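Residue strings, one per chain:
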Protein chains: 2
Amino acid sequence: MYSDSEENYLKAIFHLERFSKEGVSTNAIAEQMQTKASSVTDMLKKLADKKLVNYIKYQGVTLTNQGKKTAASIIRKHRLWEVFLVEKLDFSWDEVHEIAEQLEHIASEKLVDRLDKHLDFPKFDPHGDPIPSKDGTFPERNKVLLSTLKAGESGICVGVKDTSTSFLKFLDKNGIALGITISVLDREEFDGSLEIKVGDEKMTISQLISSNLYLKTN
Amino acid sequence: MYSDSEENYLKAIFHLERFSKEGVSTNAIAEQMQTKASSVTDMLKKLADKKLVNYIKYQGVTLTNQGKKTAASIIRKHRLWEVFLVEKLDFSWDEVHEIAEQLEHIASEKLVDRLDKHLDFPKFDPHGDPIPSKDGTFPERNKVLLSTLKAGESGICVGVKDTSTSFLKFLDKNGIALGITISVLDREEFDGSLEIKVGDEKMTISQLISSNLYLKTN
DNA sequence: TTACTTTTTTAGTCTTGTCTAAATATATTT
DNA sequence: AAATATATTTAGACAAGACTAAAAAAGTAA
């Protein structure tokens, strides 16, 4: 249906759209895709011809409904494959992204449906990100950044904001994973660092760390 | 490492090499790949540059050791994915080929190893074809064509020679699948047709059918 | 408003993989 | 061996997707 490259652009625009109220800029896409602005312009014209984006010269782009639907289906495939890799093939959550980047382009609706069923219809991927349903709607979850908790509060880790390998490795090394309970023992107002308890371990983490960890509180 | 297209050519040459004692001809590859002879010539030059084939103008090609190893690894991935689709996702054996054609190009050695383990190291795919090991060696199996059996003999279905969708559908419709026991009740010498028993059902099949079904006898 | 900077687009080129049409090599007949 | 047929390669073109360098538009500052 669409080329791998077209699908990657749609995905990039979809992710960028959540942060910009206006249309997404050419340069923003170029940075996200690790490519040149001129290549982006070329592709935007093609996507516009196919009615996947609304593109006005010098004004950035937005996805059409068809574009959104397509992007959601790619994200759906990506996240389902991530669940598969972690749950069934015992990969750790910091290893699966690159492989899922390839698997998300496999074309077969039946395959995706069967995979979804095989995994028992998961609603969130190993990073805690929501898996859109077939019709493109994203499930919601009550999540809050660890950095917003006060001393004495606690919650269960349900996701990360920064998905970089270095951050995920840091979490692994410190025993922080999905489902782990984290309590805030004390908070240093000067630099926003927190003293927390993870399982039985006490540790101090910087504001940068705590503002990239999502918890579910009760 | 190699492009999808390069991998597909290697696979095609690998399969064709088993039938021709000499080098594989340009036209044979073109037919197998559903493309034009001129496109094949172009690609053969590229593969020769990369030391994957031995190519002499007008004389056809053979795979180098590197070429054979690469082809075997692609076939390995293809067949492991087919096992996965049938065993884990409940696809039938006539539906999996196209999807596996896509999955075979996913690059991740770790993924293949984990998949192999997850499937409990299968030696044959759902069509009964051998799955090469990591080092590229193919397992052997004592198999014989149904058409070579005499009246009174029987065996267990372990594979097919013709893998076309129409043939596989015919088998499905008639209750013939891997692991099914087939007995030869009578043989008509005039046209080579056989009266056979499949489970509790008696039926008559043509020579064309019986010469495309592999059985394991004891 | 004019001058300067940044962003975006255009124009032209490159690579990969494909194609058609024409040329050349090999195979087969007579 | 010459004539014909078939197989293969070459030459030139095209589409997709990316790039560089230059031009044009938009944004910012004096």
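Residues numbered from 1 in each chain as written. Chains lettered and ligands numbered in written order. Predicted model: local features only at pLDDT ≥ 70, side-chain atom pairs only at ≥ 80, totals over all residues.

### Quick notes on the protein's contact with DNA strand C
To keep things clear, this is the line we draw: To decide nearness, the C-beta atom of each residue is placed from the backbone, and the residue is near a molecule or strand if that atom lies within 6 Å of it. We count a stretch as a helix when DSSP gives it H or I for four or more residues in a row; a strand needs E for two or more, and each element gets its number in order from the N terminus. When residues are sorted by character, Ala, Val, Leu, Ile, Met, Phe, Trp, Tyr, Cys and Pro go into the nonpolar class, Asp, Glu, Lys and Arg into the charged class, and all the rest, Gly among them, into the polar class.
In the vicinity of DNA strand C lie 20 residues, with Ser25(A), Asn27(A), Ser38(A), Ser3(B) and Ser38(B) positioned nearest. Contributing elements (two or more residues each) for the surface near DNA strand C: α2 (26-33) and α3 (37-49) of chain A together with α1 (4-17) and α3 (37-49) of chain B. Partitioning the surface near DNA strand C into residue classes produces 4 nonpolar, 11 polar and 5 charged.

### Observations concerning the pairing of strand β6 (residues 194-198) of chain A
Residue and element names in this part refer to chain A. This is how it is decided: Two strands pair if DSSP finds at least two bridges between them.
Examined bridge by bridge, strand β5 (residues 181-187) and β6 share 5 bridges and lie antiparallel to one another. If you follow isoleucine 182 over to β6, its bridge partner there is valine 198. The antiparallel pairing of β5 with β6 creates a hairpin that spans 6 residues between the two strands, and glycine 192 there sits at a positive phi of about 75°. With 5 bridges connecting them, β6 and strand β7 (residues 201-205) associate as antiparallel partners. Across the sheet, residue glutamate 195 finds its bridge partner in β7, namely threonine 204. Counted between consecutive antiparallel strands, the loop separating β6 from β7 contains 2 residues, among which glycine 199 sits at a positive phi close to 65°.

### Considerations on the nonpolar core
Basically, it comes down to this: Residues of type Ala, Val, Leu, Ile, Met, Phe, Trp, Tyr and Cys that are buried and joined through C-beta atoms within 7 Å form what is called a nonpolar core. Neighbour density around each residue's C-beta defines its exposure: 20 or more other C-beta atoms within 10 Å make it buried, 12 or fewer make it exposed, and counts between make it partly exposed, where C-beta atoms are placed from the backbone. Throughout, a residue-residue contact means that the two C-beta atoms, derived from backbone geometry, are no farther apart than 7 Å.
In this structure, Leu85(A), Leu215(A), Leu85(B) and Leu215(B) are the most contacted members of the largest nonpolar core, which totals 60 residues. Residue contacts for Leu85(A): discarding those within four places in its chain leaves Phe91(A), Val96(A), Ile99(A) and Ala100(A). In terms of nonpolar packing, the next biggest core, distinct from the first, is built from 18 residues, Ala12(A), Val53(A), Val61(A) and Ala71(A) among them.

### Overview of the relation of the copies chain A and chain B
Rule in force here: A least-squares superposition brings the copies together, and it is based on the C-alpha atoms of residues with pLDDT no lower than 70 in both.
Turning chain A through 180° and shifting it by 0.0 Å along the axis lays it on chain B, with an RMSD of 0.1 Å. The superposition of one copy onto the other is thereby described by a two-fold rotation axis. Measuring from the rotation axis to each C-alpha of chain A, the shortest distance belongs to Leu103(A), at 3.8 Å.

### So, the sheet that holds strand β3 (residues 144-145) of chain B
All names here are of chain B. Strand order in the open sheet made by the 6 strands is β3-β8-β4-β5-β6-β7, with antiparallel pairing throughout. Two strands in the sheet have a free side with no partner beyond their single neighbour: β3 and β7 (201-205). Bridging between strand β4 (residues 154-160) and strand β8 (residues 213-216) involves 4 bridges; their strand directions are antiparallel. The residue bridging glycine 159 from the neighbouring strand is tyrosine 214, located in β8.

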